[in-house]
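Close look at the chain arrangement
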Amino acid sequence: MKKKEEFDYASFEQEAISKLRSGKGLTGEGGALTGLVSRIIRAAFEGEMEEHLKEYGVENRRNGYTTKKLKTGLGEIDVNPPRDRKGDFDPKIVKKWERNLAPEIESQIMSMYAIGTSYSDISQHIKKMYGLDYSSSFLSSITDRVHEEITNWKNRPLEEIYSIIYLDAIHYKIRENRVVKTKAVYTVLGVDLEGQRDVLGLFIGESEGARHWGRVLENIRDRGVKDVIFFCVDGLNGFPEMIQSIYPESIVQRCIVHMVRTSLKYVSWADYRSICKDLKKMYSQDTRESAEEELENFKTKWDGKYPEIGQKWERNWKELSPYFDYPEPIRRVIYTTNAVEALHRCLRKVTKTKGAYVTEQALEKQLYLTLQYNEKSWRRKVRSWPAIIRTLKREFPDRIKEGLN
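As the structure is a computational prediction, the values presented were derived from the model and not from experiment.

Parameters and conventions
- Residues numbered from 1 in each chain as written.
- Predicted model: local features only at pLDDT ≥ 70, side-chain atom pairs only at ≥ 80, totals over all residues.
- Heavy atoms only, no water.
- Pairing = 2+ DSSP bridges.
- Helix = DSSP H or I, 4+ residues; strand = E, 2+ residues; numbered from the N terminus.
- Axes fitted to C-alpha atoms, helices over the stretch in contact; angles between N-to-C directions.
- Contact = heavy atoms within 4.5 Å.
- Expected span 1.5 Å × (residues − 1).
- Buried < 20%, exposed > 50% of the residue type's maximum accessible area, 1.4 Å probe, protein only.
- Salt bridge = Lys/Arg side-chain N within 4 Å of Asp/Glu carboxyl O.
- Phe/Tyr/Trp six-rings, centres within 6.5 Å; stacked < 30°, edge-to-face > 60°.
- Core = buried A, V, L, I, M, F, W, Y, C linked by side-chain atoms within 4.5 Å.

Structural notes on the sheet that holds strand β6 (residues 161-176)
The sheet built from five strands is open, its strands ordered β8-β7-β6-β9-β10 with mixed pairing. Two strands close off the open sheet at either side, each with one partner strand: β8 (197-205) and β10 (251-254). Sheet twist, expressed as the mean angle between neighbouring strand axes with direction ignored, is 25 degrees. Pairing of strand β7 (residues 179-191) with β8, which is carried by eight bridges, proceeds in the antiparallel orientation. Bridging across to β8, Val191 finds its partner in Arg197. The strands touched by helix α16 (residues 360-373) within the sheet are β6, β7 and β8, with β8 carrying the most contacts at an inclination of about 170 degrees.

In structure tokens form, the structure reads like this:
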């Protein structure tokens, strides 16, 4: 049996100093520490081979060495794994078919991809930092490893009850059969009874519609959501009816901010501030009755010039006015979908420089990694939650039981 090689520290020290003096640096190709990694791995191989051969006694023995290149955090190195006669030696430190020993590099790749860095820029960075040549296809194969994690995330069980669920969609271009199509990503942002925000799912579908939202709600129901106190939504036609067909006890609140924006769409600049002020008089009232009086005042003042605004508010009043029935702590968190819009801003910040995604899976991978690496920006607990949950318990004692939160 081959005698175990002793590590020559003096020789390594002289070699490392020589490399540093020649400007090689600590890491990368020919770096001062790169050789150390090679020697450590070689010593580990020898130790594992010795343990392996002990199991066979004289029935098995060494059979020379193989060669392969290994990517590490310090650069690419040459290693020589030993072989045995029976051919069943599989070292634990580096498996037979493994070519990568750089988990920290993979973590960097995932992080850079999550913030929107292109594969070509990631490749240049890895080359500069570690002296490794990673092709775009290889980088893609690394980020593709997250697909199983995405599947588990999409199918994870959810809470039985959520205090609020915000629903909104964001749109992206995806290339299908050499044709670029615009598709909607349906975002479900929930607030549980602890006041904790969580993205319950991202669902890619055709252009936004109530029918597709129905499928999204069926998905969260099948994953365990039995009740939702409030749904906060935008003004999609058929949305309230679709929600209440699946969650009949839920209260649907249309976003006031969305409504104000659409109301101001065709207002001339000269009237802009005045209309904003009069609309605020209406939606900031303490009671539904006083708000309805302000709506009539608004119509009297502006119907001659902008009749469509008053008609729009009147036509959608049923979905716009539920928040008047509840105290201030609840009003603050249900009258607008700003929470999910903030989440979408986080996603757009990363994806705004992208063109059309090559597949739905590529888009899904990008969005999921962006969520995971930016959790602190959106997974914050709702402000003043103790006051909100006390009010919710008082308003819905039959639906929020003691001990649930």
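Anyway, onward from the coordinates.
Brief notes about helix α15 (residues 338-351)
Along its 14 residues, α15 runs 20 Å from first to last C-alpha, staying within 8% of the 20 Å computed at 1.5 Å per residue. All buried positions along α15 are accounted for by Val340, Glu341, Leu343, His344, Cys346, Leu347, Val350 and Thr351.

Considerations on the pattern of salt bridges
Per the counting criterion, the structure on display carries 19 salt bridges. The shortest N-O distance in the salt bridge between Arg156 and Asp198 comes to 3.1 Å. Pair noted here: Arg156 is in the loop between α6 (147-154) and β6 and Asp198 is in strand β8, with a separation of 42 residues, a long-range link. Both residues of the pair, Arg156 and Asp198, count as buried. Linked by salt bridges that have partners in common, Arg156, Asp198, Glu375 and Arg379 make up one network.

Some details on the pairing of β6
Among the 16 residues in β6, 12 count as buried, and that is most of the element. In this sheet, strand β9 (residues 227-233) lies alongside β6 in parallel orientation, the contact comprising five bridges. What sits directly across from Ile165, in β9, is Phe231. Examined bridge by bridge, β6 and β7 share 13 bridges and lie antiparallel to one another.

Looking at the packing of aromatic side chains
This structure, assessed with the given rule, holds 14 aromatic pairs. Consider the rings of Phe230 and Phe396, whose centres lie 5.8 Å apart with planes at 85 degrees: the pair is edge-to-face. Of the two residues, Phe230 is situated in strand β9 and Phe396 in the segment after α18 (385-395); the sequence distance between them amounts to 166 residues. Given a relative accessible area of 1%, Phe230 falls into the buried group. Taking the relative accessible area as the measure of exposure, Phe396 reaches 7% and is therefore buried. Here a set of aromatic residues connected by ring pairs shows up, and it is made of Trp317, Tyr323, Phe324 and Tyr335.

A short note on the nonpolar core
Residues Phe230, Ile275, Trp313 and Leu392 are the most contacted members of the largest nonpolar core, which totals 71 residues. With sequence-adjacent residues up to four places away left out, Trp313 is seen in contact with Ile256, Met259, Val260, Ser263, Leu279, Met282, Tyr283, Leu295 and Leu320. Counting 23 residues, the second largest nonpolar core, distinct from the first, contains Tyr162, Ala169, Leu217 and Tyr247.

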